[in-house]
Amino acid sequence: MSSSLLTIRDLCAGYGRRRIIETLSVPAIEGGSVTALLGPNAAGKTTLLRALAGLLPMTGGLDLCGEDLTALSVAERASRVTYMPQSLPQRVALTVFEAVLAALRASPLAGMSPEGARNEAMRALERLGIADLALSSLDELSGGQRQLASLAQAIVRSPRVLLLDEPTSALDLNHQHKVMALVEEVARERGIVAIIVLHDIALACRWCKRVMVFSKGAVVADGTPEKAVTPEVLAAVYGVSARVERCSRGFLQVSVDGPA
Ligand SMILES: Nc1ncnc2c1ncn2[C@@H]1O[C@H](COP(=O)(O)OP(=O)(O)OP(=O)(O)O)[C@@H](O)[C@H]1O
């Protein structure tokens, strides 16, 4: 499967008259690997993901493999772009399996046979290691379990662009890495664009090929983890004094000494 390519040109977005993102253009985001979106609180990361997903009014160009996303209907855009919000899913009286099946029915795979849909939903739960929760009600899950169920819903939709807003915030260390490995695998298998908002810089450096550091509605560093995550960038963006070192397995580690 060929990889998707997302181009953002002169994107402006905000709330009412308040502009949060002003004429943002970034080099095309390639599918097949994961791109991290880092940055301090209130930098505009969620605003950007919501604008890309068509959940906020925006102006500017948004091109997915030659198709103008801004010209599509809400339903057409939603079939190509899936956004998983920061907030955990509501505690509703659906089982995990039913919730994932419902997400699949609202996706481009909606036409699949009932048996195919059930298999696909179950496979998503298995890949996230929560098949044993299939018959549990969403309202009896822990926070981390609900986050995993929400990820299963996002992945089963099979979008061309997957936007995940802090998908590991409620997860323990083991599940954080399992989820990142799965998102990386799904991006590679399907050639999709996967953009993931993270506050854990080490997690981003471990699993993401490209890191965009966002501050005050603009990208201030963009590239491989080595290029984008430097002591200078961390001082400028987060106001911390930090050391960036390589661990024995070759991944970047960040040690923060304190405020800069
Ligand atoms: N619904 C809203 N109405 C008005 N302003 C908003 C709304 N949502 C967010 N904002 C403002 O937009 C700015 C960017 O918020 P956003 O949620 O995009 O930041 P973020 O980088 O995702 O932050 P965090 O890391 O804290 O989640 C903030 O100043 C916030 O107050």
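Residues numbered from 1 in each chain as written. Predicted model: local features only at pLDDT ≥ 70, side-chain atom pairs only at ≥ 80, totals over all residues. Heavy atoms only, no water.

Focus: the domain arrangement of the protein chain
Per the domain assignment, the segments making up the protein chain are domain 1 (5-90 + 154-225) and domain 2 (230-259). Taking only C-alpha atoms into account, the centre of domain 1 sits 23 Å from that of domain 2. Contact residues are listed per partner, giving 13 residues for domain 1 and eight residues for domain 2. Counting across the interface, domain 1 meets domain 2 through zero salt bridges. (Domains from an automatic or database assignment. Contact = heavy atoms within 4.5 Å. Salt bridge = Lys/Arg side-chain N within 4 Å of Asp/Glu carboxyl O.)

Points about unusual backbone geometry
Phi is positive for Thr23, which is not a glycine, with a value near 40°. Residue placement: Thr23 occurs in strand β2 (residues 18-30). Unusually for a residue other than glycine, Ser158 sits at a positive phi of about 55°. You can see Ser158 is positioned in the loop between α5 (143-156) and β7 (161-165). (Helix = DSSP H or I, 4+ residues; strand = E, 2+ residues; numbered from the N terminus.)

Focus on the pattern of salt bridges
Evaluated as defined, the whole model comprises nine salt bridges. A salt bridge links Arg19 to Glu22, with the shortest nitrogen-to-oxygen separation between them at 2.4 Å. We classify Arg19 as partly exposed; its relative accessible area is 46%. A relative accessible area of 46% means that Glu22 is categorised as partly exposed. Among the salt bridges present, the one from Glu226 reaches Arg246, with a minimum N-O distance of 3.3 Å. Separated by 20 residues along the polypeptide, Glu226 in helix α8 (residues 225-228) and Arg246 in strand β11 (residues 240-246) bring together distant segments of the chain. In this structure Glu226 comes out as partly exposed when scored by relative accessible area, which is 38%. When salt bridges that share partners are traced, they join Arg127, Glu185 and Glu189 into one network. (Buried < 20%, exposed > 50% of the residue type's maximum accessible area, 1.4 Å probe, protein only.)

Some points on the site of the ligand
The environment of the ligand is made up of 14 residues, and the closest members are Ala42, Gly44, Lys45, Thr46 and Thr47. Lys45 places a polar side-chain atom, nitrogen or oxygen, 2.7 Å from an oxygen atom of the ligand. Taking His199, its side chain carries an N or O atom lying 3.0 Å from an oxygen atom of the ligand. Compared with its free state, where it exposes 640 Å², the ligand has 65% of that area covered by protein. Looking at the shell around the ligand element by element, the count peaks at three residues for helix α1 (residues 45-53). Split by residue class, the shell around the ligand holds five nonpolar, six polar and three charged. (Near = heavy atom within 4 Å. Polar contact = N/O pair within 3.5 Å; in protein donor to acceptor, adjacent residues only side chain to side chain. Areas by Shrake-Rupley, 256 points an atom, 1.4 Å probe, with all protein chains shown as cover. Nonpolar A, V, L, I, M, F, W, Y, C, P; charged D, E, K, R; others polar.)

Some details on the nonpolar core
As a rule of thumb, nonpolar side chains are buried together in soluble globular proteins. The biggest cluster of nonpolar side chains holds 58 residues, and the ones touching the most others in it are Leu38, Val96, Leu125, Leu128, Leu164 and Ile196. Ignoring any residue separated from it by four or fewer positions in sequence, one finds Leu164 in contact with Leu49, Met84, Leu151, Ala154, Val183, Ile195, Ile196 and Val197. Ranked by size, the runner-up nonpolar core spans 30 residues in total, among them Leu48, Ala53, Tyr83 and Phe214. (Core = buried A, V, L, I, M, F, W, Y, C linked by side-chain atoms within 4.5 Å.)

So, the sheet that holds strand β3 (residues 34-38)
Reading across from one edge, β6-β7-β8-β3-β9-β10 is the order of the six strands in this open sheet, with mixed pairing throughout. If you trace the sheet from one side to the other, it starts and ends with β6 (81-84) and β10 (218-223), each paired once. Here the strands of the sheet are splayed against their neighbours by 15° on average, with no regard to which way each runs. In this structure, β3 lies alongside strand β8 (residues 193-197), joined through four bridges in parallel fashion. Among the inter-strand pairings, Ala36 is bridged to a residue of β8, identified as Ile196. (Pairing = 2+ DSSP bridges. Axes fitted to C-alpha atoms, helices over the stretch in contact; angles between N-to-C directions.)

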